[in-house]
Amino acid sequence: MTEMEKVNHTIHEVSAENGNRAAWIGLFKQNDPWKWSDGSSSSFRNWKTGEPNNGDKKEFCTKILNSSGAWNDAGCDHRSHFICYEGLGSLSSSVPRQFHVVKEQKNWTEAQQYCREEFTDLATIDNMTEMEKLKSLIHKAGGNSTHVLVTERKNWADAQRYCRENHTDLACVRNQTENDKIEDVRGSRGAWIGLFRDAWEWSDGSSSSFRHWNTGEPNDVDGKEFCAEIQNASGARWNDRGCYHRSHFICSEDKLVLVRDNKTWLEALQYCREHHVDLVSVTSERVQRWVRERAKGASTAHVWLGLRHACGLGWFWVCGETVCYNHWAPGQEQVESCKHRVGAVESGGGQWVSNLTETDKLNFICICTVEGLNALP
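K.L.:
Any chance you could explain the overall build of the chain here in plain terms?
P.N.:
Within the chain, the regular secondary structure consists of 7 helices and 22 strands. Per-residue burial for the chain yields a buried fraction of 53% across its 377 residues. Sequence-distant contacts in the chain: of pairs separated by 6 or more residues, those separated by 24 or more amount to 73%. Put simply, the chain shows about 17000 Å² of open surface, and 45% of that area lies on carbon and sulfur atoms.

K.L.:
Please explain the packing of aromatic side chains as it appears in this structure.
P.N.:
Two descriptors summarise a pair of aromatic rings, namely the distance from one centre to the other and the angle between the planes of the rings. This structure, assessed with the given rule, holds 14 aromatic pairs. These aromatic residues form a ring-pair network of at least three members: Trp34, Trp36, Phe44, Trp47 and Trp71. Cation over ring: lysine 63 sits above tryptophan 24, and NZ or CZ is 4.9 Å from the ring centre.

K.L.:
Hey, could you run me through unusual backbone geometry in this one?
P.N.:
Across the chain, the bulk of peptide bonds are trans and the bulk of non-glycine residues have phi less than zero. In this model, glutamate 51 is joined to proline 52 through a cis peptide bond whose omega is -5°. The residue proline 52 is located in the loop between β3 (34-36) and β4 (61-65) in this model. Cis geometry is found at the peptide bond from glutamate 217 to proline 218, where omega equals -5°. Among the secondary structure elements, proline 218 is positioned in the loop between β12 (201-202) and β13 (227-230). In this structure, asparagine 54 takes a positive phi of about 45° despite not being glycine. If you trace the backbone, asparagine 54 turns up in the loop between β3 and β4. At aspartate 220, a position not held by glycine, the phi torsion is positive, near 45°.

K.L.:
Before we go on, may I ask you to explain the side chain of glutamate 51 in this structure?
P.N.:
Note that glutamate 51 resides in the loop between β3 and β4. Although glutamate 51 lies buried, it forms no salt bridge, and the closest oppositely charged side chain, lysine 48, sits 5.8 Å away as judged by the N-O distance. Only 3.3 Å separates the side chain of glutamate 51 from the backbone nitrogen of asparagine 53, close enough to count as a polar contact. Apart from the residues lying within four places of it in its own chain, the contact partners of glutamate 51 are Trp71, Asn72 and Asp73.

Reading the values: the criteria
- Residues numbered from 1 in each chain as written.
- Predicted model: local features only at pLDDT ≥ 70, side-chain atom pairs only at ≥ 80, totals over all residues.
- Heavy atoms only, no water.
- Helix = DSSP H or I, 4+ residues; strand = E, 2+ residues; numbered from the N terminus.
- Buried < 20%, exposed > 50% of the residue type's maximum accessible area, 1.4 Å probe, protein only.
- Contact = heavy atoms within 4.5 Å.
- Areas by Shrake-Rupley, 256 points an atom, 1.4 Å probe, with all protein chains shown as cover.
- Phe/Tyr/Trp six-rings, centres within 6.5 Å; stacked < 30°, edge-to-face > 60°.
- Lys NZ or Arg CZ within 6 Å of the ring centre and 35° of its normal.
- Lys, Arg positive; Asp, Glu negative; His and termini not counted.
- Salt bridge = Lys/Arg side-chain N within 4 Å of Asp/Glu carboxyl O.
- Polar contact = N/O pair within 3.5 Å; in protein donor to acceptor, adjacent residues only side chain to side chain.

Here you go:
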C-alpha cells in the first residue's frame, strides 16, 4: 500500500469517528513556491481539482481531505486534526516514515510545533505509495477502540481465538455509545460479543458492568447458555446462547489494554505474550500519557509495566530498548547495582515505582498490536 493510500485510509476513519473533515500535513507556502515543513525537496503533489486556489488570499497551509485523500490549501489559523511523521525523512529514502494521526484541534503552526516535539515533523509525502500508506493509517485511527465484524461463522471459543490472533479480543461493550457503534458495524447480523458466563465476565478481562440484555434474558434456557450474542432483531439487545453455536462475531482493536486480573510480573508478561503482544514499554511521553489513562481504571494501586532491572544492564524494557525517557517517582530509580527489580506505574498518579517484588500481584497493561506503540495516534 502506498503512502498516499495510507493517508487517505487514516483520514476516513478520523472523519467517521469525530466528524472532522480534514487534517494538516507539512506543506506550506512562504512567498513562492510551496515547501515542506521538514525542508524536504519532494515535488509530489495531490491537489484536489481546482486547488490550490488561495480562496481568501490567506490559504498558505495544506490539509488532506477525508473524502478523497486529495489536498486543499487553507488558512493556517484554522484548527484541525493533523498528521505527524517519525523517521529520517529526506535524510534517508531507505527508512520509511511512520505516520501518526493526532486528533487534537490545532492551527498549522501549533501542529508543526507539536510534531517536532513529539515526533519528527508534520507529514511530508514523497509519492503516491506514501500517500496510500497515510490514507490507510487515517482509516485505522478513528478512536482508542474500533470494532470489526467478522462474517465467518465460528463458535464462541473459536471466535475468541480468532479475535486474539488477528485483532485484540472479542468485543467488550462498556456503555450505550459503544453498543451503538457495534450496532453500526453489525448491520443486520447476529454476532458474538466477548461476554461469557462465569458470573458473566468479559473475554478481555474488562470489569465493565454495562449490560444490554433483551427482555427476559439471560434465561439459560437449556442450562448451557454461557456466552452472549448481540441480536439482529431486537434493537441490538443481547441474548445468552450456547457457546457451541456457530455465528458471526465482533472483534475489538485496542492499542493498549488494561488487564484487571492480579498476576505476578512474570505471569503478566506471559499473559500478554500469549494473548496480545507484550507487556507495555513506555518509551516516550506520548506513550506515558496513554498508559497513565489506562492505569486509572485499575483495581490495584500499581500496574505492571514491561520494565526490568538486571545486573550489568540497569533498567531496560522487555521490547529490548534501554530506558531513555522516564517518569520515576522521587527516589525510585536507584537500586543496588546487581539487584533484580521490576517496574510498575501508579494507577492514581502515573509515576513509576520500583519498590515492589516480582511476586506481588497487580493489574497490568499489554500492547495489543504487532505494530505496537508506533500505531498509537
